[in-house]
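Chain residues, written in single-letter form:
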Amino acid sequence: QVQLVESGGGLVQAGGSARLSCAASGRTFSDYAMAWFRQAPGKEREFVATISGTGRTTRFADSVKGRFTISRDNAKNTVILQMNSLKPEDTAVYYCAADTYKYSISKGATDYEYWGQGTQVTVSS
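These remarks concern the structure in this document. (Residues numbered from 1 in each chain as written. Predicted model: local features only at pLDDT ≥ 70, side-chain atom pairs only at ≥ 80, totals over all residues. Heavy atoms only, no water.)

### Quick look at the packing of aromatic side chains
Thinking step 1. Per the stated rule, a full pass over the model turns up 5 aromatic pairs.
Thinking step 2. Pairing Phe 29 with Tyr 32 gives two aromatic rings, centres 5.5 Å apart and planes at 90°, and the pair type is edge-to-face. For the residue pair Phe 29 and Tyr 32, the accessibility class agrees, reading buried in each case.
Thinking step 3. Each ring, one from Phe 37 and one from Phe 47, has its centre 5.7 Å from the other, and the planes form 75°; the classification is edge-to-face. Here Phe 47 lies in strand 5 (residues 46-51) and Phe 37 lies in strand 4 (residues 33-39), a separation of 10 residues in the sequence.
Thinking step 4. The class of Phe 47 is buried, set by a relative accessible area of 9%.
Thinking step 5. Positioned above the aromatic ring of Tyr 95, the side-chain terminus of Arg 45 is 3.8 Å from the ring centre.
Thinking step 6. One residue, Arg 45, lies across the ring of Trp 115, its end atom 4.7 Å from the ring centre. (Phe/Tyr/Trp six-rings, centres within 6.5 Å; stacked < 30°, edge-to-face > 60°. Buried < 20%, exposed > 50% of the residue type's maximum accessible area, 1.4 Å probe, protein only. Helix = DSSP H or I, 4+ residues; strand = E, 2+ residues; numbered from the N terminus. Lys NZ or Arg CZ within 6 Å of the ring centre and 35° of its normal.)

### Brief notes about the environment of Glu 46
Thinking step 1. Within the element layout of this structure, Glu 46 appears in strand 5.
Thinking step 2. Assessed through its relative accessible area of 35%, Glu 46 is described here as partly exposed.
Thinking step 3. When the C-alpha positions of Glu 46 and Tyr 94 are compared, they lie 9.5 Å apart, and in sequence the two are 48 residues distant.
Thinking step 4. Apart from the residues within four sequence positions on either side, Glu 46 is in contact with Phe 37 and Arg 38.
Thinking step 5. Reaching out from Glu 46, the side chain makes a polar contact with the side chain of Arg 38 at a distance of 2.6 Å. (Contact = heavy atoms within 4.5 Å. Polar contact = N/O pair within 3.5 Å; in protein donor to acceptor, adjacent residues only side chain to side chain.)

### Regarding the state of the cysteines
Thinking step 1. Applying the stated criterion across every chain yields a total of 1 disulfide.
Thinking step 2. Disulfide partner of Cys 22: Cys 96, at an S-S distance of 2.0 Å. On the S-S bond that ties Cys 22 to Cys 96, the torsion sits near -80°, and the link is left-handed. A residue pair is termed long-range when its members are at least 10 positions apart, and Cys 22 in strand 3 (residues 18-25) and Cys 96 in strand 9 (residues 92-99) qualify at 74 residues. With respect to burial, Cys 22 and Cys 96 carry one shared label: buried. (Disulfide = S-S within 2.5 Å.)

### Some points on unusual backbone geometry
Thinking step 1. The residue Asn 77 is not glycine, and still its phi comes out positive at about 55°.
Thinking step 2. Among the secondary structure elements, Asn 77 is positioned in the loop between strand 7 (68-73) and strand 8 (78-83).
Thinking step 3. Within the chain, Ser 85 stands out as a residue other than glycine whose phi angle is a positive 50°.
Thinking step 4. Position of Ser 85 relative to the elements: it lies in the loop between strand 8 and strand 9.
Thinking step 5. Given the relative accessible area of 41%, Ser 85 is considered partly exposed.

This is the structure:
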């Protein structure tokens, strides 16, 4: 069993930055790939970014490529989503997710077995 807790959301002005953290517990952190998804009101949950268990491989949604970065600290059991040049369309609840296949960089939500409770990010124009 893996527990995930996100933090760092809030209200940000367009063009600004925000940093989301996800703290994991329950298993060896490097054993699983991590990802961020988001869900805006009235929309389906969508993939944002993922990172493999070693941290060597990452993958991003086209909508955030060049603006967001994902990183992990396996010693601290933490994954970070750094979001720059934020736009109003980035407004959503952001979810951290874990895939027990550590080499995975899947964009599919169904591949991730564990989820956090989500943290709201609101970007004002």
